[in-house]
Every structure is written in structure tokens, then in C-alpha cells.
Amino acid sequence: MRGNRVELMPKEFNLIYYMAQKIGKPLSRNHLLDKIWGLRYEADSRSVDVHISHLLDKIELDPKKTEYIKTIRGIGYKLVASQED
């Protein structure tokens, strides 16, 4: 939330930090699993979705209409610097 301190769990922090380094670039769930969790298989791809959901609850004004983390259908997610789509 704007101007407020947000407490993040370690994986949430690692996830948003990594996404910030790749800002604007679509990142697949499998790519994020590999980079953040060190996993190279699809069995836990829901872990990414769960952690993204937690981040949305914490940083978005309206988690259903996101401003910062965009879902890229069929690919994964991307962090945006502004209100780009």
C-alpha cells in the first residue's frame, strides 16, 4: 500500500525483489520456481500463484484490479513500473 510499511515473508521478498530486477519482463511460473525456490519442475507451480496472491493482498490497493503485478495469461506474471498493461 502506498506510503505504508509492508511486512513480507522471505519468499515474498525474494519474489518481488527478483521481479523488480526484471521489471516489465513477463516471467513464467517455472522460471520463478527455478530462480526463487530452486525447483525445476511444474509440480509446485501453484506455490508461485499463492505467493503472488499474498503479495497482491499486501501491495495492491485492489488485488482484483492490479496496478503493479500483472498476470500474463498463459505465461505467468510481470512487475510493471507504471500503469502499463
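Residues numbered from 1 in each chain as written. Predicted model: local features only at pLDDT ≥ 70, side-chain atom pairs only at ≥ 80, totals over all residues. Heavy atoms only, no water.

1. A short note on the packing of aromatic side chains
Across all of its chains, the model carries one aromatic pair by this definition. Geometrically, the ring pair formed by Phe13 and Tyr17 is stacked, given 5.8 Å between the ring centres and 15 degrees between the ring planes. Of this pair, Phe13 and Tyr17 are both found in helix α1 (residues 10-21), four residues apart, which corresponds to roughly one turn of the helix. What makes Tyr17 partly exposed here is its relative accessible area of 48%. (Phe/Tyr/Trp six-rings, centres within 6.5 Å; stacked < 30°, edge-to-face > 60°. Helix = DSSP H or I, 4+ residues; strand = E, 2+ residues; numbered from the N terminus. Buried < 20%, exposed > 50% of the residue type's maximum accessible area, 1.4 Å probe, protein only.)

2. With respect to the packing of α1 against helix α3 (residues 45-59)
Remark: α1 packs on α3, axes separated minimally by 10 Å, with the N-to-C direction vectors making an angle of 85 degrees. The orientation of α1 relative to α3 falls into the category roughly perpendicular. Contacts between α1 and α3 involve Lys11, Glu12, Leu15, Ile16 and Met19 from the former and His51, Ile52, His54, Leu55, Lys58 and Ile59 from the latter. Class assignment for the residues of the contact of α1 with α3 results in six nonpolar, two polar and three charged. (Axes fitted to C-alpha atoms, helices over the stretch in contact; angles between N-to-C directions. Parallel < 35°, antiparallel > 145°, perpendicular 65-115°, else oblique. Contact = heavy atoms within 4.5 Å. Nonpolar A, V, L, I, M, F, W, Y, C, P; charged D, E, K, R; others polar.)

3. Re α3
Here α3 spans 22 Å end to end across 15 residues, near enough to the 21 Å set by a 1.5 Å rise per residue. Among the residues of α3, Ser45, Val48, Asp49, His51, Ile52, Leu55, Leu56 and Ile59 are the ones counted as buried. Against α1, α2 (29-37), β2 (69-72) and β3 (76-79) lie the buried residues of α3. (Expected span 1.5 Å × (residues − 1).)

4. Focus: α1
For an α-helix the count is 3.6 residues per turn, leaving residues at separations of three or four pointing the same way. With twelve residues, α1 should reach 16 Å at 1.5 Å per residue; the first-to-last C-alpha distance of 17 Å fits that figure. All buried positions along α1 are accounted for by Glu12, Leu15, Ile16, Tyr18 and Met19. Each buried residue of α1 sits inside an arc of 160 degrees when the element is viewed along its axis, so together they form one side. Next to the buried residues of α1 lie β1 (27-28), α2, α3, β2 and β3. (Arc of directions from axis to C-beta.)

5. Some thoughts on the sheet that holds β3
Strands sit in the order β1-β3-β2 across an open sheet of three strands; the sheet is antiparallel. With one partner strand each, in any of the chains shown, β1 and β2 form the two edges of the open sheet. Where β1 and β3 come together, two bridges link them in antiparallel fashion. In the strand pairing of β3, Ser28 is matched with Gly76. Along the sheet, α1 makes contact with β1, β2 and β3, crossing β3 at roughly 70 degrees. (Pairing = 2+ DSSP bridges.)

6. Structural notes on the packing of α1 against α2
At a closest axis distance of 10 Å, the pairing of α1 and α2 adopts a crossing angle of 120 degrees. In this structure, α1 crosses over α2, and the sense of that crossing is right-handed. Between α1, through Lys11, Asn14, Leu15, Tyr18 and Met19, and α2, the contact on the second element is made entirely by His31, Leu32, Lys35, Ile36 and Trp37. Residue classes in the contact of α1 with α2 are distributed as six nonpolar, two polar and two charged. (Left-handed = near helix turned anticlockwise from the far one by under 90°.)

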